[in-house]
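Each chain, letter by letter, is given below.
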Amino acid sequence: MIEPIVQAAEEDRLLIEKLPKVDLHVHLDGSVKPETIRELAAAQQQPLPTASDEALRASMQVDEHCEDLTQYLSKFGFVLPYLQTGPALERVAYELVGQAAEQRVKYVEVRFAPQLHRLKGLSIREAIGRVTEGLRHGERTFGTVARAIAICMRSHSDELNKAVVEEAALFLGKGVVAVDLAGDEASFPPERFRRLFADARRLGLPITIHAGEAAGADNVREAVMGLGAQRIGHGVRMLEDPSVVKLVKEMKIPLEMCPLSNIQTKAVKGWEAYPIRRYMEQGIIVTVNTDNMTVSGTTIQKEFDLLAEHFGLTALEAAGLVMNGARAAFLEEEKKRSLIRGFEDELATLGIGPEEA
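Residues numbered from 1 in each chain as written. Predicted model: local features only at pLDDT ≥ 70, side-chain atom pairs only at ≥ 80, totals over all residues. Heavy atoms only, no water.

**Here's the deal with the overall build of the protein chain**
Helix and strand counts for the protein chain come out as 16 helices and eight strands. Relative to its length of 357 residues, the protein chain is compact, with a C-alpha radius of gyration of 19 Å against a globular reference of 21 Å. Considering only C-alpha atoms, the protein chain reaches an extent of 65 × 45 × 40 Å along its principal axes. A buried classification covers 56% of the 357 residues belonging to the protein chain. The distance from the centre of the 42 positive side-chain charges to the centre of the 53 negative ones in the protein chain is 5 Å. (Helix = DSSP H or I, 4+ residues; strand = E, 2+ residues; numbered from the N terminus. Rg over C-alpha atoms; globule rule 2.2 N^0.38 Å. Buried < 20%, exposed > 50% of the residue type's maximum accessible area, 1.4 Å probe, protein only. Lys, Arg positive; Asp, Glu negative; His and termini not counted. Charge placed at Lys NZ, Arg CZ, Asp CG, Glu CD.)

If you want it as structure tokens, here you go:
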């Protein structure tokens, strides 16, 4: 009896690999290739503090001994000094689309915080413009549809964040599809950002919020009810309050789950506590994403492989998660309909009908 089950699992794994993918939650500065940082450092005449390729990767990527979110976030500090020019931002955005395309990602939303890239004088508008141009170039070259999400930082002043929202609105429909709130969730409760995201809604910007990762379920409730979040980044701690799970289900708020990252940052204690299967069984709209390809040492395929390994994820279930991602995209409506049709057609060629996904 064992051999057919093992064979079936292998068939699922191979089919999952063939599926078209979506990545709705990937950070630009967390997904820079180490060799690119080496080349940027040389071009910018900023010597790297590490010489070997191994040491460079260790400076940019966590290992299995990552203690918490603070240690995880420290990897961004190493990369950011080299992402302070227009050409650098354009290049890494372009390359990220290429990395996504290699994993059969057909649609990607790349998020970044414009205010973090202004140390050498770039304006917010220039930073957003360079990233969106890199994404457009990547889309033309690799065929993966790519859009940007502008991040407001919890630790930044109201003035700095308001400027990001206002500038992002100018790029709505021109490469930017939403705004986000990220950073130290535990130290900066979401209530203080109500006015900021009221402005975002007034300007017509869709909203996704990092919540329920480093703080509890109440932050998810506030993100949805107080800030107007249409999607939630992570949300792994919602199980602490069943009423929040019910709220997210009833309002059909998609979760941007990033399994390996959530394990590495200790947002959950381990795979046995990871809530994705429970969310799926309760009818929550779950999507699977990479978060930070370089920092986590991951790809979208690796994320699905881990879910298959730890939760017995089948190919049909994976196809359903992929379609959740396509339907949750912040893409312009006409292009979104075309994207969904394209996914349905690809799944059909793999023998998976729309009613199954």
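**Description of the UniProt feature "domain: Adenosine deaminase" (unreviewed entry) in the protein chain**
The feature "domain: Adenosine deaminase" (unreviewed entry), as annotated in UniProt, sits at residues 20-341 in this numbering. Along residues 20-341 the backbone is 48% helical and 14% strand, and the end-to-end C-alpha distance reaches 12 Å. (UniProt positions renumbered as here; feature names shortened; annotations may be inferred.)

**Concerning the sheet that holds strand β1 (residues 21-27)**
The strand order across the open sheet formed by eight strands is β1-β2-β3-β4-β5-β6-β7-β8, and the pairing between neighbours is parallel. Two strands bound the open sheet, and with one partner strand each, they are β1 and β8 (286-288). Each strand axis lies, on average, 25° off the axis of its neighbour in the sheet, ignoring direction. Direction of pairing for strand β3 (residues 145-153) relative to strand β4 (residues 176-182): parallel, over a ladder of six bridges. Residue pairing for β4: Ile151 is matched across the bridge by Asp180. (Pairing = 2+ DSSP bridges. Axes fitted to C-alpha atoms, helices over the stretch in contact; angles between N-to-C directions.)

**Some thoughts on the confidence of the model for the protein chain**
Averaged over the protein chain, the pLDDT score is 93; the fraction of residues at 70 or greater is 96%. Note that residues 1-8 has pLDDT below 50 and, in this model, zero contacts with residues that lie over four places away or in other chains. (pLDDT = per-residue confidence, 0-100. Contact = heavy atoms within 4.5 Å.)

**Focus: helix α4 (residues 69-79)**
Counting along an α-helix, one turn takes 3.6 residues, and residues three or four places apart therefore face a common direction. The set of residues buried in α4 consists of Leu69, Tyr72, Lys75, Phe76, Phe78 and Val79. Projection of α4 onto a plane perpendicular to its axis shows the buried side chains occupying an angular sector of 165°, all on one side. Considering only its buried residues, α4 is in contact with α2 (34-43), α3 (53-60), α11 (259-264) and α13 (293-296). (Arc of directions from axis to C-beta.)

**Notes on unusual backbone geometry**
Among all residues save glycine, negative phi is the norm, and among peptide bonds the norm is trans. Positioned with a positive phi, Lys252 is a non-glycine residue whose angle comes to about 55°. In this structure Lys252 comes out as exposed when scored by relative accessible area, which is 61%. Positive phi is not limited to glycine here, since Asp291 has a value of about 70°. One can find Asp291 in the loop between β8 and α13. Since its relative accessible area comes to 3%, Asp291 is described here as buried.

**Some words on the nonpolar core**
The biggest cluster of nonpolar side chains holds 107 residues, and the ones touching the most others in it are Leu28, Ile37, Phe197, Ile209, Ile232, Tyr274 and Phe304. With eight residues, the single largest contributor to this core is helix α15 (residues 315-328). Residues in contact with Tyr274, not counting those within four places in the same chain, are Val236, Met257, Cys258, Pro259, Asn262, Ile263, Val268 and Phe311. Core analysis: the second largest hydrophobic core is formed by six residues, Val62, Cys66, Leu69 and Phe76 among them. (Core = buried A, V, L, I, M, F, W, Y, C linked by side-chain atoms within 4.5 Å.)

**Regarding the pairing of strand β6 (residues 231-234)**
Direction of pairing for strand β5 (residues 207-211) relative to β6: parallel, over a ladder of four bridges. Residue pairing for β6: His210 is matched across the bridge by Gly233. Viewed along the sheet, the connection from β5 through helix α9 (residues 217-225) into β6 turns out right-handed. In this sheet, strand β7 (residues 255-257) lies alongside β6 in parallel orientation, the contact comprising two bridges. Each bridged residue has a counterpart across the sheet, and for Ile232 the counterpart in β7 is Leu255. Regarding topology, helix α10 (residues 242-250) serves as the crossover connection from β6 to the parallel β7, and that connection is right-handed. (Right-handed = clockwise from strand over helix to strand, strands pointing away.)

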